[in-house]
Amino acid sequence: MANVKRRGFLAAMGASFLAGCTKIGQTEAGQAAFDASESWHRIVHRFLGNGRLVKEYDASAISPTFRGNGTIDPDNAAYRAAAAAGFADWRLEVAGLVERPLSLSMDDIRALPQRSQITRHDCVEGWSAIGQWTGPQLSLILDEARLAPEARFIVFRCADNLNGDDYYESCDLDDAYHPQTIVAHQLNEEPLPIKNGAPLRMRIERQLGYKHAKYLTAIEAVASLDDIGKGKGGYWEDRSGYHWYAGI
Ligand SMILES: Nc1nc2c(c(=O)[nH]1)N[C@H]1C(S)=C(S)[C@@H](COP(=O)(O)O)O[C@H]1N2
Ligand SMILES: [Mo]
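Residues numbered from 1 in each chain as written. Chains lettered and ligands numbered in written order. Predicted model: local features only at pLDDT ≥ 70, side-chain atom pairs only at ≥ 80, totals over all residues. Heavy atoms only, no water.

Peer 1: Help me understand helix 5 (residues 138-145), please; the structure alone is not making it clear to me.
Peer 2: In an α-helix, one full turn covers 3.6 residues, which means residues spaced three or four apart are oriented alike. Leu138, Ser139, Ile141, Leu142 and Ala145 are the residues of helix 5 that are buried. Viewed end-on, helix 5 has its buried residues packed into an arc of 160°, placing them on one side of the element. Backbone geometry just downstream of helix 5 places Arg146 in the positive-phi region, at approximately 55°. (Buried < 20%, exposed > 50% of the residue type's maximum accessible area, 1.4 Å probe, protein only. Helix = DSSP H or I, 4+ residues; strand = E, 2+ residues; numbered from the N terminus. Arc of directions from axis to C-beta.)

Peer 1: What's the story with the packing of aromatic side chains in this structure? I'm lost.
Peer 2: One pair of aromatic rings is described through two measures. These are the centre distance and the angle between the planes. Under the definition given, this model contains 11 aromatic pairs. Summarising the aromatic geometry, the rings of Phe87 and Trp90 are spaced 5.7 Å apart at their centres and angled 80° between planes, so their arrangement reads as edge-to-face. Ring geometry for Tyr235 and Trp236: centres 5.0 Å apart, planes at 85°, overall edge-to-face. Tyr235 gets classed as buried once you look at its relative accessible area, which sits at 2%. Taken together through their ring pairs, the aromatic side chains of Tyr167, Tyr210, Tyr235, Trp236 and Tyr242 make up a single cluster. (Phe/Tyr/Trp six-rings, centres within 6.5 Å; stacked < 30°, edge-to-face > 60°.)

Peer 1: Looking at this structure, I do not really get the site of ligand 1. What am I missing?
Peer 2: Neighbouring residues of ligand 1: 22 residues in total, closest Arg67, Asn69, Thr71, Asp160 and Lys214. In the model, an oxygen atom of ligand 1 is placed 3.3 Å from a nitrogen or oxygen of the Lys195 main chain. The fraction of the free accessible surface of ligand 1 (530 Å²) that becomes covered by protein chains is 99%. Within the residue set of the shell around ligand 1, elements represented by two or more residues are strand 3 (115-123) and strand 5 (153-162). It is strand 5 that provides the largest number of residues to the shell around ligand 1, a total of 3 residues. The class makeup of the residues in the shell around ligand 1 is 9 nonpolar, 8 polar and 5 charged. (Near = heavy atom within 4 Å. Polar contact = N/O pair within 3.5 Å; in protein donor to acceptor, adjacent residues only side chain to side chain. Areas by Shrake-Rupley, 256 points an atom, 1.4 Å probe, with all protein chains shown as cover. Nonpolar A, V, L, I, M, F, W, Y, C, P; charged D, E, K, R; others polar.)

Peer 1: Even after reading the chapter, I still don't get the sheet that holds strand 1 (residues 91-96), so can you show me in this structure?
Peer 2: In spatial order, the strands read 2-1-11-5-6; together these 5 strands make up an open sheet with mixed pairing. Every other strand in the sheet has two partners, leaving strand 2 (102-105) and strand 6 (165-172) as the edge strands with one partner each. The mean angle between the axes of side-by-side strands here comes to 20°, regardless of whether they run parallel or antiparallel. By the bridge criterion, 4 bridges tie strand 1 to strand 2 in an arrangement that is antiparallel. The residue bridging Glu93 from the neighbouring strand is Ser103, located in strand 2. (Pairing = 2+ DSSP bridges. Axes fitted to C-alpha atoms, helices over the stretch in contact; angles between N-to-C directions.)

In C-alpha cells form, the structure reads like this:
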C-alpha cells in the first residue's frame, strides 16, 4: 500500500477507534472491548508499518514556538534545585532487568553518538508542533546496559507529579529500539527549555504526545507493567484510559 494511503487508512481507523473508546471505556465490559481493540490497533499498525520511520521535516517547517503541555515547571524542591544548578548534576539511572545498571551524567549522554530529527508532535488535545530534537538513540543506552532476556517493556520515570501522581510512561522493545526513539537533551539546537522537559525527555516518534516523557530521571526494563503505577503503563493510561499503544 502506498505510504500516503496507508497513513490515511491508519488515521481513519485511529479516529473511529478513539471516538468509540470514550463512550465504551465507561463500563467494565466496555473496558474489555477497549483493551481488545487496542491490541488489534497495535497488531495492524505493526503489520502495516513495522520499522518504518515517521516523516522528518526541513528546518523551514520548525514551529516558531513549541508549546509546553501538562507539567511545564515541576514544583518539587529536588527539581527546583537541579534547575538552579543548570542541571549540571542530573543523572539518568538505567535499572531493572539489565545486566549492567547505569547512572549517566549529562556529559555521558552528550558523549554518545547523537541523532537529530525534525518531527511533528501530535497531542490528543488537538494541537501539533514541529521541532528539532537531538540526543542519543535509546537503543545505544539499552545496549550499553545489556537488557536481560526477560525484559519486555521499558518504563520512563519523570521528576514531576501531576495532580497527585508521578508522571511515567512505557513502551515495548519494538518502539524502544526504533531508530527515531531518542533521549533528547536539545530542542531546536538549544538545551531543552524547562517547559519542554529539561534536561532530558523521551522522543518516541511513532507515538502520540503523552508517550514522550519529560523530566526523565530513570529508565527501567521490566517483564510486566502490572506492578508499575496502576498497571496500565502510563500516567494518562492509568487515569483516563488513554491507550497504552498510541501509534501514529
Ligand atoms: N513528565 C511529563 N511528561 C509529559 C507530560 C507531563 O505532564 N509530564 N505531558 C505529556 C503530554 S500530554 C504532551 S502533549 C507532551 C507535551 O510536550 P511539550 O510540553 O514539550 O509540548 O509531553 C508529554 N510528556
Ligand atoms: Mo498531550
